[in-house]
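Breakdown of the fold
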There are 2 protein chains.
Amino acid sequence: MLSLRKKKILSAVVDGYIEKASPVSSKEIQKNCLQDCSSATIRNELSALESMGYLIQPHVSAGRIPSEKAFRFYVNELTYENCLTDEETSFIENKLLRKHDSLDDVIQQITDVVSQITNYTSVVVKADMADKITAIKLLDLSNGQMLVVIVTETRVLKDGMVDISDEFDELMLLQAQAWLNRLFVGKHISQFLNFTYPYTLTNDQFKLNSLFKKIIDVLRKQSLANGMDVTICGEHNIFQHSEYSDVANVQKFLSEVGSKDKMAQVFTDDGGQDGFVTIKIGSSENAPEGCSVVTSRVALGANIAGSIGVIGPVRMNYKKVLAVLDKISNIIIDMMGKE
Amino acid sequence: MLSLRKKKILSAVVDGYIEKASPVSSKEIQKNCLQDCSSATIRNELSALESMGYLIQPHVSAGRIPSEKAFRFYVNELTYENCLTDEETSFIENKLLRKHDSLDDVIQQITDVVSQITNYTSVVVKADMADKITAIKLLDLSNGQMLVVIVTETRVLKDGMVDISDEFDELMLLQAQAWLNRLFVGKHISQFLNFTYPYTLTNDQFKLNSLFKKIIDVLRKQSLANGMDVTICGEHNIFQHSEYSDVANVQKFLSEVGSKDKMAQVFTDDGGQDGFVTIKIGSSENAPEGCSVVTSRVALGANIAGSIGVIGPVRMNYKKVLAVLDKISNIIIDMMGKE
DNA sequence: GTTAGCACTCTCAATGGTCGAGTGCTAATT
DNA sequence: AATTAGCACTCGACCATTGAGAGTGCTAAC
């Protein structure tokens with residue numbers, strides 16, 4: 001699609017912007033990667049890339065900054081390269097290749113290490129996949145409330161309450177119950193988390209609709225509390241990055257990251273991408289606004305699914321993050337193999 | 001010491017500043033609390049209070065803001081008044097006067113409620129006081145490291161490693177061990193936390209000195225991990241307060257609050273004050289810089305010491321915080337009595 | 001298709017001027 | 001001796017202006 005030169009230029013803009021956090025000019029590009037053509041030529045190309053939606057010009061006498069589309073292009077083109085220094089590699093190995101008391105201990109170490117090396121906020125989600133749902137029951141408590149009971153192979157979870165002060169009759173509850181069972185029996189409890197409610201019901205079923213939504217919310221909370229563990233570390237690393245030099249952004253970021261619910265969702269949803277690594281760039285790809293999320297899926301035990309990753313500004317050092325996640329995934333695979 | 005009028009004026013400045021977060025002028029004071037004398041008189045008094053160290057004038061054409069000394073005066077003079085609305089009271093009761101699964105559940109509810117009602121960051125520290133230290137052992141591992149083992153009545157804790165790559169001989173370790181045992185045997189593990197190392201050793205003992213410091217650090221960590229639980233909630237409330245409209249302050253605050261170690265220390269040390277409630281204002285009273293800490297001691301069970309409190313800017317709504325802590329302490333005392 | 005050259009635009013930082021808030025001081029009053 | 005009215009003074013906040021610098025887009029030549 002893009003000419004080779006355009007690709008080179010686009011990559012140069014992204015690289016430059018990742019490094020400096022400020023608009024990249026035609027001259028810089030010339031100096032760094034295209035000495036054999038003039039800045040005017042590059043300006044023409046930049047202009048073309050801008051109209052294609054890859055670049056943004058903050059104002060007329062500024063350089064260009066990459067759009068989210070450009071970052072998407074950039075990570076798609078990225079070829080793996082181990083850009084970790086020897087110090088970093090041995091730091092990681094030192095921290096992880098030692099005796100650990102428990103899986104939780106390992107996970108804590110992993111989040112620590114990932115956030116320390118990448119300088120982003122790291123998240124690890126653990127889910128015990130062995131325990132499947134055998135039934136979901138809805139119980140009308142006749143006081144305007146309904147109890148949602150989830151039965152799994154090993155446990156009965158019954159913390160979820162739903163207000164049903166609007167009149168719902170017996171039949172509707174049975175309908176809802178049947179629907180839930182059809183959808184979720186046999187699946188892992190974590191399935192609730194990334195379940196998006198299909199809005200295709202007709203208007204007739206409006207009431208049922210709102211009931212479903214409430215139930216799904218409860219299930220999501222249950223899923224988090226009972227099926228998954230979320231470990232977060234390095235929230236304060238955002239202060240190192242210039243996009244968070246303003247309190248409003250810091251606040252928004254911290255409130256996103258503070259919700260384990262939200263994090264579990266973002267870090268386990270693979271967004272349809274396959275492969276072990278998932279990269280989400282910006283809100284159009286279901287990361288929080290202005291943020292990117294990089295995750296790597298790794299088995300943390302026989303039946304334990306794990307997701308290790310970082311969240312940070314869209315202007316993220318993807319190369320380094322990918323290298324760290326790769327290194328750590330390999331260590332974990334080794335560790336698990338030995339046991 | 002201060003004339004009645006000076007006291008009234010000083011309180012008015014503090015009240016006004018707590019409310020508006022901006023310097024208080026002589027006219028405002030006249031309007032709000034001293035209609036029977038002129039603004040000029042008040043100006044004279046303000047000037048006197050400033051030279052006594054109670055007030056600060058940011059610049060010549062601004063009003064006055066209270067110094068930490070003024071806040072100290074203010075809280076000393078404060079008479080208790082229940083300034084909670086009925087809604088707030090019933091909100092608190094609703095959240096706490098229900099069946100709880102466990103003590104940890106109760107504590108989580110308490111921190112939630114305190115931070116929600118006060119709009120500050122709330123901290124609860126729990127310490128099981130039953131388990132006394134019976135011995136502390138230092139074990140030279142002959143690889144430049146030393147293991148610190150703490151034996152309590154019920155457990156043996158041996159996670160603490162100290163580097164002793166500098167040469168320490170057997171004798172010194174024995175000396176150190178004896179010293180530690182003399183100080184801590186029979187006490188609760190939480191005693192490490194607020195132990196401040198006495199710097200009175202002679203130069204001869206410089207090496208021993210540095211060893212002691214390292215050991216105390218390890219013990220402090222142990223104390224936290226094994227003897228106390230720290231629950232924190234509402235860190236993000238700081239964004240509501242104007243002193244944190246600048247990232248640098250937010251960062252400093254969050255890094256202080258993020259260290260459970262530090263929080264446990266600040267929230268359990270009573271700073272020599274007696275009574276159930278402790279108020280620390282600013283770094284001169286061992287709160288973090290620019291912060292105040294208000295804590296209330298409460299038994300959370302037969303042998304379980306608890307400390308409930310908030311941390312926030314020195315410009316804190318002390319009246320409200322004290323009312324909330326009082327209300328909650330009473331509820332807890334009731335709860336514990338019933339069991 | 002590429003490039004040199006140049007006019008143009010926009011940001012940023014510094015400058016200066018006005019306005020208003022609130023003070024400190026002085027002299028008069030109680 | 002304490003209080004007060006009055007007024008000059010100071011300083012920050014706000015705004016408009018200016019000049020320098022960066023980087024572009026465009027044009028005409030290669």
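What you see is a predicted model; the values in this text were computed from it and never measured.

1. Re the protein's contact with DNA strand C
Around DNA strand C lies a shell of 20 residues, among which Arg5, Ser38 and Thr41 of chain A together with Ser26 and Arg64 of chain B are the nearest. Interatomic distance of 2.9 Å between a backbone N/O atom of Ser38 of chain A and a phosphate oxygen of DNA strand C. Side-chain polar atom of Ser61 of chain A to a base oxygen of DNA strand C: 3.0 Å apart, as the coordinates give it. Of all the elements, helix H3 (residues 39-51) of chain A adds the most residues to the surface near DNA strand C, at four residues. For the surface near DNA strand C, the residue count by class is five nonpolar, 10 polar and five charged.

2. Quick word on the sheet that holds strand S3 (residues 121-128) of chain A
All names here are of chain A. Strand order in the open sheet formed by five strands is S7-S3-S10-S9-S8, and the pairing between neighbours is antiparallel. In the strand order of this sheet, the two ends are held by strand S7 (228-233) and strand S8 (277-281), each with one partner. The sheet shows a mean angle of 20° between the axes of neighbouring strands, direction not considered. Taken together, the 10 bridges between strand S9 (residues 291-301) and strand S10 (residues 304-313) define a ladder with antiparallel strand orientation. From the neighbouring strand, Ser292 faces S10, where its bridge partner is Gly312. Running over the sheet, helix H11 (residues 318-338) touches S8, S9 and S10 and is turned about 10° from S9.

3. Quick word on the sheet that holds strand S6 (residues 156-163) of chain A
Residue and element names in this part refer to chain A. If you walk across this open sheet you meet the three strands as S4-S5-S6, and the pairing is antiparallel. Whereas interior strands pair on both sides, the edge strands pair on one side only; in this sheet they are strand S4 (133-140) and S6. Averaged over all adjacent pairs, the angle separating strand axes in this sheet is 20°, with direction ignored. Relative to S6, strand S5 (residues 145-152) is paired through six bridges, and the arrangement is antiparallel. In the sheet register, Gln145 faces S6, and the bridge partner there is Asp163. Helix H7 (residues 170-184) contacts S4 and S5 of the sheet and is inclined by roughly 165° relative to S4.

4. Looking at the relation of the copies chain A and chain B
Superposing the two chain copies requires a rotation about an axis and a translation along that axis. Turning chain A through 179° and shifting it by 0.1 Å along the axis lays it on chain B, with an RMSD of 0.1 Å. Here the two chains are linked by the operation of a two-fold rotation axis. Of every C-alpha in chain A, the one belonging to Val247 of chain A sits nearest the axis of rotation, 2.7 Å from it. Residue by residue, 100% of the interface of chain A is reproduced at the interface of chain B, so both copies engage with the same surface.

5. Let's talk about the domain arrangement of chain A
You can read the domains of chain A as domain 1 (4-77), domain 2 (86-129 + 228-337) and domain 3 (133-224). A C-alpha centroid distance of 50 Å is found between domain 1 of chain A and domain 3 of chain A.

So, how was this worked out
- Residues numbered from 1 in each chain as written.
- Chains lettered and ligands numbered in written order.
- Predicted model: local features only at pLDDT ≥ 70, side-chain atom pairs only at ≥ 80, totals over all residues.
- Heavy atoms only, no water.
- Near = heavy atom within 4 Å.
- Polar contact = N/O pair within 3.5 Å; in protein donor to acceptor, adjacent residues only side chain to side chain.
- Helix = DSSP H or I, 4+ residues; strand = E, 2+ residues; numbered from the N terminus.
- Nonpolar A, V, L, I, M, F, W, Y, C, P; charged D, E, K, R; others polar.
- Pairing = 2+ DSSP bridges.
- Axes fitted to C-alpha atoms, helices over the stretch in contact; angles between N-to-C directions.
- Contact = heavy atoms within 4.5 Å.
- Least-squares fit on C-alpha atoms with pLDDT ≥ 70 in both.
- Domains from an automatic or database assignment.

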